[in-house]
Amino acid sequence: MFGGERLKNVNLAGMNLHYLNYSLEYFLDSMVKYEMPNIELWGGFPHLYSEDISLSDAARIRKEIESRCLNLVCYTPEQLMYVNNIAAKEPEIQKRSMDYYLKNIEITAELGTNLMLMTSGWGYYHEPIVEAWSRSREALAILAHKAEKSGVTLLLEPLQPFESNLITNVQTLKRMLQEINMDSLKGMMDIVAMAVAGDTVKDYFEALGAGLLHIHVIDGTPSGHLAVGDGNLPIDQYLKEIDDFQYHGYLSMELAASNYYPEPDKAFLRSLENIRKMLY
Amino acid sequence: MRKIQMSQISPMNIHYALYPLEYFLDSLVKYDIQAVELWGGSPHVPIEDATFASVCRIRDEIVRRDLNIACFTPETCKYPINIAAEEPSLRDRSIKYLLKSLDIASELGTNLMQIVPGTGYFNKKPDEAWKRSRESLQIIIEKADVLGIDLTLEPLLKRESNLIFNKDLAKKMLDEIHSPRLGCNVDTVPMAEAGDSLVDYFTELKVNHIHLCDGPNHVAWGDGTLPLHQYINELEQFEYQGYLGLEIYNSTYYLDPDQALEQALNHIRAAIG
């Protein structure tokens, strides 16, 4: 328990990634069952894979969410598991990736949220990153323009070093945001990526200020996407620091460890109960 | 008894995904390896974007290094592919993906392709998903037969699939389909997790490929707890002459894939003797 008055349970959001062996409706029903009012919707197979759906399918998913009185706080098309890489050297991979994210921006608007998560892509690890960085910057600028027209803000999330060699910490995040410098591209913080990079909550708030629009609260060792309590990160301390910076956004629990797949409710509930003890 | 040969060892490129395919192939040459199990995933073999010309280029890169292709293994677990999906559009796209993968296997010049059963939703009984998986497999086998390609069906981990996650379920599917084109790919990681053994598999069903992996979690040999010497002995006892794919698949190896492969190969060389 800590003394902040702003950050509360109402800021928490559940995510569907580790429910991928269950239907989307099952996940939504679970959120209702556990009195979780907010969701960050992961756009991945089989729940919402953008290549398989039309905008009318997205509208149907929006109704499924709204009919349960759930609040969609962010849409997060899958970024790492599939073939997409906006910084790819191969033109066909880059084109496929751009088509994927351009369509996902339209889906974001159709779903009725104005935030979409985005990552940098990566370049081959044995090559200097300067060209991959340029490709990523050009791609992100195109996507930010599309987002602007669609009334969407992209949330740029740093990745871990085995996921990307471009944006992996607060410095590279800030650098990319400054180079592109558009209102439709903002930063976010993922607790695990932060801990792995050796950054602090303070580093993020000092670098991004009010431009820090979204947070993933997950546990790790320090890597992993674990339920709160399953790792060894000082989550309660992080929450107190986040609170001290008067953060008003959402805290999504992005559980993604594959050993949660058979019984996703259990992991979600454990995470929720542990984090509720730290908030009020 | 027939000694296991190093020429049967066929490393996979899956943990080299942050490096180009050529980098991986050069590593195989460097480590004096003669065969490759080609993982079909981006950026090495992006299946949906593959063209006749792009596959020919890949084949040339492999052939000019004097490497044999043990098996073509399209990515189907991590990617949005499920041949047992209950939504017709998802299942149809998944089948199409695998039919195209067969074309790629054929152009690569290999006669073996790996396939997995897919899964049903875990909160439902698997009966209907089982039927959908079987029917999808039959469609894919029909085309494989035309192309002269054998399929090797891999049981998955229990957390990945509610259809085939042990030897008995693999045998049930093989029996129901009963095609000379279809055999089983025994991956030692799910095998050990299910409590099955190589002896059980060799005794009870047709094994046409093996993933020789340390576990849990598909780690490089030496980083897990599985009994490599025992596996080699059993393979020799059953005079296994097929390939042994090395599926090192753990994100801790992505940054330095050579190190993990070299370590695994050192352990295997020592075990073979």
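Here's a quick rundown of the structure.

Reading the values: rules and limits
Residues numbered from 1 in each chain as written. Chains lettered and ligands numbered in written order. Predicted model: local features only at pLDDT ≥ 70, side-chain atom pairs only at ≥ 80, totals over all residues. Helix = DSSP H or I, 4+ residues; strand = E, 2+ residues; numbered from the N terminus. Rg over C-alpha atoms; globule rule 2.2 N^0.38 Å. Buried ≥ 20, exposed ≤ 12 C-beta atoms within 10 Å, placed from the backbone. Contact = placed C-beta atoms within 7 Å. Right-handed = clockwise from strand over helix to strand, strands pointing away. Pairing = 2+ DSSP bridges. Nonpolar A, V, L, I, M, F, W, Y, C, P; charged D, E, K, R; others polar. Core = buried A, V, L, I, M, F, W, Y, C linked by C-beta atoms within 7 Å. Expected span 1.5 Å × (residues − 1). Axes fitted to C-alpha atoms, helices over the stretch in contact; angles between N-to-C directions. Parallel < 35°, antiparallel > 145°, perpendicular 65-115°, else oblique. Left-handed = near helix turned anticlockwise from the far one by under 90°.

Across its full length, chain B holds nine helices and eight strands. Expected size for 273 residues packed as a compact globule is a radius of gyration near 19 Å; at 18 Å, chain B falls within 12% of this value. When the backbone C-alpha atoms are referred to their principal axes, chain B occupies close to 45 × 45 × 35 Å. Buried residues in chain B amount to 52% of all 273 residues. Long-range pairs, those at least 24 residues apart, make up 80% of the contacts in chain B between residues at least 6 apart in sequence.

The side chains of a regular strand alternate between both faces of the sheet. All names here are of chain A. Counting buried residues along strand β2 (residues 38-43), six of its six residues qualify, which places the element largely inside the surrounding structure. Neither face of β2 is left uncovered, since the one carrying N38, E40 and W42 and the one carrying I39, L41 and G43 both have all their residues buried. Between the parallel pair strand β1 (residues 12-15) and β2, the chain is carried across by helix α1 (residues 24-33), and the sense of this crossover is right-handed. The pairing of β2 with strand β3 (residues 71-77) spans six bridges and is classified as parallel. The residue of β3 that forms the bridge with L41 is Y75. In this fold, β2 hands off to helix α2 (residues 55-67), which returns the chain to β3; that crossover is right-handed.

Interfaces are often sized by the amount of accessible area the parts lose when they come together. Contacts between the two partners involve 26 residues from chain B and, on the opposite side, 26 residues from chain A. If you tally residues by element for the side of chain B that touches chain A, the top one is helix α3 (residues 88-108) of chain B, at three residues. Grouping the constituent residues of the side of chain B that touches chain A by class yields 14 nonpolar, six polar and six charged.

Formed by 180 residues in total, the largest nonpolar core has its most connected members in A:M116, A:L154, A:L155 and B:M113. With near-sequence residues (within four places) excluded, A:L154 lies in contact with A:M116, A:M118, A:L143, A:A144, A:A147, A:S184 and A:L185.

A separate point is the environment of A:G123. Tracing the backbone shows A:G123 in the loop between β4 (115-118) and α4 (130-150). Ignoring any residue separated from it by four or fewer positions in sequence, one finds A:G123 in contact with A:A87, A:K89, A:I129, A:E131, A:A132, A:N165 and A:L166.

The next thing to look at is α2(A). In this model, α2(A) (13 residues) spans 18 Å end to end at C-alpha, consistent with the 18 Å of a helix rising 1.5 Å per residue. Two residues or fewer past α2(A), A:C69 is found with a positive phi of approximately 55°.

Another point: the packing of α3(B) against helix α4 (residues 127-147) of chain B. Residues and elements named next belong to chain B. Where α3 contacts α4, the two axes come as close as 10 Å, and the packing angle between them is 25°. Relative to α4, the element α3 is oriented roughly parallel. Considering only the axes of α3 and α4, their crossing is right-handed. Contacts from R91, I95, L98, L99, L102 and S106 of α3 reach α4 at R132, S136, I139, I140, K143, A144 and L147. Across the contact of α3 with α4, the residue classes tally to eight nonpolar, two polar and three charged.

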